[in-house]
Amino acid sequence: MKNIAVIGAGTMGNGIAHTFAQSGFKVNLIDISETSLERGLTTISKNLDRMVAKEKITEADKTETLNNISTYTNISEGVKHADLVVEAATENLDLKLKIFKQLDEASPKDTILATNTSSISITQIGAATSRPEKVIGMHFMNPVPIMKLVEIIRGYNTSDDVTNTIMQLSKTLGKVPTEVNDYPGFVANRILMPMLNEAIETLYNGVAGVSEIDTVMKLGMAHPMGPLQLADFIGLDVCLSILNVMYDGFKNPKYAPCPLLVNMVMAGKLGVKSGEGFYDYSESRKAEKIASQFS
């Protein structure tokens, strides 16, 4: 594999593009707007600058990585020579099905089609194409350039050859691929999301406050980040979407999203991305924190 196409220039998409490009692959980064693509490239450049500052890569490595990335707003143009397409669009089933139908029509017949979905059925996505045996899940962890794990999810029809190819490719990227089967939430989110949801329930029931809940989990369980802060980092809308997929898939009430989470998402309090979630990430709050350091 030499040519990689990545659908979506957001947080996960630009991280995936960065990782492939840094490993020497030619990457077509595809999004619906030039603005999104410019924002994605800016993020990649800043992340590379941090790596240069930490002496993990050189300026020449940064330049080569950026030169390996081309941008497209047209899916058909961006995938027509791809050996592998990795879709990293919003966690929405209808959108993903639409994208995979387009990919199936526009990409070469031997192209492997992967999705970075964190919970949606690979089997269902594959069924939207004429090549379900070539559809697979590649669930990268955020931040992609740093985190080692990639969940490799086999759909019902995913072939052994495709699975082995993607497992080996992930190792080429310096990742640790872990093969799992296609059930709602896979492994990572099937375990993680109920924990985050329970932390939200604990807050909702008035057992403790936000910082107290996070402190208990950080100091008591040695978690690097408290569950409520982690939920903000992931995006409360993403957490809600994953829980809904699991609740619909298993019909088990233990996966039902906490009403507080539902209300916060409806109110637009999505965490870091919106400037407010369980914590305040607004510019005014940042300025307040900086000022307090000098008072």
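Not measured: the values here are computed from a predicted model. (Residues numbered from 1 in each chain as written. Predicted model: local features only at pLDDT ≥ 70, side-chain atom pairs only at ≥ 80, totals over all residues. Heavy atoms only, no water.)

Peer 1: An account of the overall build of the protein is needed here, citing residue identities and associated values.
Peer 2: Along the backbone of the protein there are 13 helices and eight strands. Relative to its length of 295 residues, the protein is compact, with a C-alpha radius of gyration of 20 Å against a globular reference of 19 Å. Viewed in the frame of its principal axes, the protein has a C-alpha envelope of about 55 × 50 × 35 Å. The burial tally for the protein puts 45% of its 295 residues in the buried class. Restricting the contact set of the protein to residue pairs at least 6 apart, pairs at least 24 apart contribute 66%. Approximately 14,700 Å² of the protein is accessible, and the part contributed by carbon and sulfur atoms is 53%. Charged side chains of the protein number 28 positive and 33 negative; the gap between the two group centres comes to 2 Å. (Helix = DSSP H or I, 4+ residues; strand = E, 2+ residues; numbered from the N terminus. Rg over C-alpha atoms; globule rule 2.2 N^0.38 Å. Buried < 20%, exposed > 50% of the residue type's maximum accessible area, 1.4 Å probe, protein only. Contact = heavy atoms within 4.5 Å. Areas by Shrake-Rupley, 256 points an atom, 1.4 Å probe, with all protein chains shown as cover. Lys, Arg positive; Asp, Glu negative; His and termini not counted. Charge placed at Lys NZ, Arg CZ, Asp CG, Glu CD.)

Peer 1: Any chance you could break down the pattern of salt bridges for me, citing the residues and the numbers?
Peer 2: If you walk through the whole model with that rule in mind, you get nine salt bridges. The salt bridge partner of Asp49 is Lys62, with a shortest N-O separation of 2.6 Å. Note that Asp49 is positioned in helix α2 (residues 34-53) and Lys62 in helix α3 (residues 59-67), a separation of 13 residues in sequence. Look at Asp49 and you get partly exposed, because its relative accessible area is 32%. Relative accessible area serves as the criterion here: at 14%, Lys62 is assigned to the buried category. Measuring nitrogen to oxygen at the nearest pair gives 3.7 Å for the salt bridge that ties Glu179 to Arg154. Here Arg154 lies in strand β7 (residues 149-154) and Glu179 lies in strand β8 (residues 176-181), a separation of 25 residues in the sequence. (Salt bridge = Lys/Arg side-chain N within 4 Å of Asp/Glu carboxyl O.)

Peer 1: So, the confidence of the model for the protein: which residues are in play, and what are the values?
Peer 2: Here the protein shows a mean pLDDT of 95. Residues at 70 or above account for 96%. Note that pLDDT drops below 50 for residues 290-295; the model gives that stretch zero contacts with residues more than four away or on any other chain. (pLDDT = per-residue confidence, 0-100.)

Peer 1: Break down the nonpolar core for me, with residues and values.
Peer 2: If you look at the biggest cluster of nonpolar residues, it comprises 34 residues, and the most contacted ones within it are Phe20, Val27, Leu84, Met138, Phe140 and Ile166. Ignoring any residue separated from it by four or fewer positions in sequence, one finds Val27 in contact with Ile4, Val6, Ala17, Phe20, Ala21, Asn68, Ile69 and Ser70. (Core = buried A, V, L, I, M, F, W, Y, C linked by side-chain atoms within 4.5 Å.)

Peer 1: Explain the pairing of β7 to me, and be specific about the residues and the numbers.
Peer 2: Look at any regular strand and the pattern is simple: side chains alternate between the two faces of the sheet. Of all six residues that make up β7, five are buried, and the element is covered over most of its length. As judged from the five bridges shared by strand β6 (residues 135-140) and β7, these two strands associate in the antiparallel manner. Following the sheet pairing, Phe140 is matched in β7 by Val150. Where β7 meets β8, six bridges bridge the pair, whose relative direction is parallel. Its bridge partner being in β8, Leu149 is matched across the sheet by Val176. (Pairing = 2+ DSSP bridges.)

Peer 1: Just give me the short version of helix α12 (residues 259-266), but keep the residues and values in it.
Peer 2: Every buried residue of α12 is listed here: Leu261, Met264 and Val265. Relative to the axis of α12, the buried residues are bounded by an arc of 100° and lie together on one face. Taken together, the buried residues of α12 touch α8 (188-204) and α11 (236-250). Phi turns positive, to about 85°, at Gly268, one or two residues after α12. (Arc of directions from axis to C-beta.)

Peer 1: Talk me through the packing of aromatic side chains; I want residue IDs and the actual numbers.
Peer 2: Here the structure, examined in full by the defined rule, presents two aromatic pairs. Measuring from ring centre to ring centre gives 5.4 Å for Phe20 and Phe25, while their planes differ by 85°; the resulting arrangement is edge-to-face. (Phe/Tyr/Trp six-rings, centres within 6.5 Å; stacked < 30°, edge-to-face > 60°.)

Peer 1: Any details on the UniProt feature "domain: 3-hydroxyacyl-CoA dehydrogenase NAD binding" (unreviewed entry) in the protein? Residues and values, ideally.
Peer 2: Per the UniProt record, the feature "domain: 3-hydroxyacyl-CoA dehydrogenase NAD binding" (unreviewed entry) sits at residues 3-182. Strand forms 22% of residues 3-182 and helix 43%; the C-alpha atoms that close the span are 27 Å apart. (UniProt positions renumbered as here; feature names shortened; annotations may be inferred.)

Peer 1: Report on the layout of surface pockets, specifying residues and quantitative values.
Peer 2: A volume near 200 Å³ is recorded for the second largest pocket. In terms of lining residues, the second largest pocket is bounded by Glu91, Asn92, Leu93, Ser119, Ile120, Ser121, Gln124, Asp182, Tyr183, Pro184, Ser241 and Val245. (1 Å grid on protein atoms, 1.4 Å probe; cavity = no way out; pocket = protein on both sides within 12 Å on 5 of 7 lines; lining within 4 Å. Points joined across faces, edges and corners; volume = space filled by probe spheres on them.)

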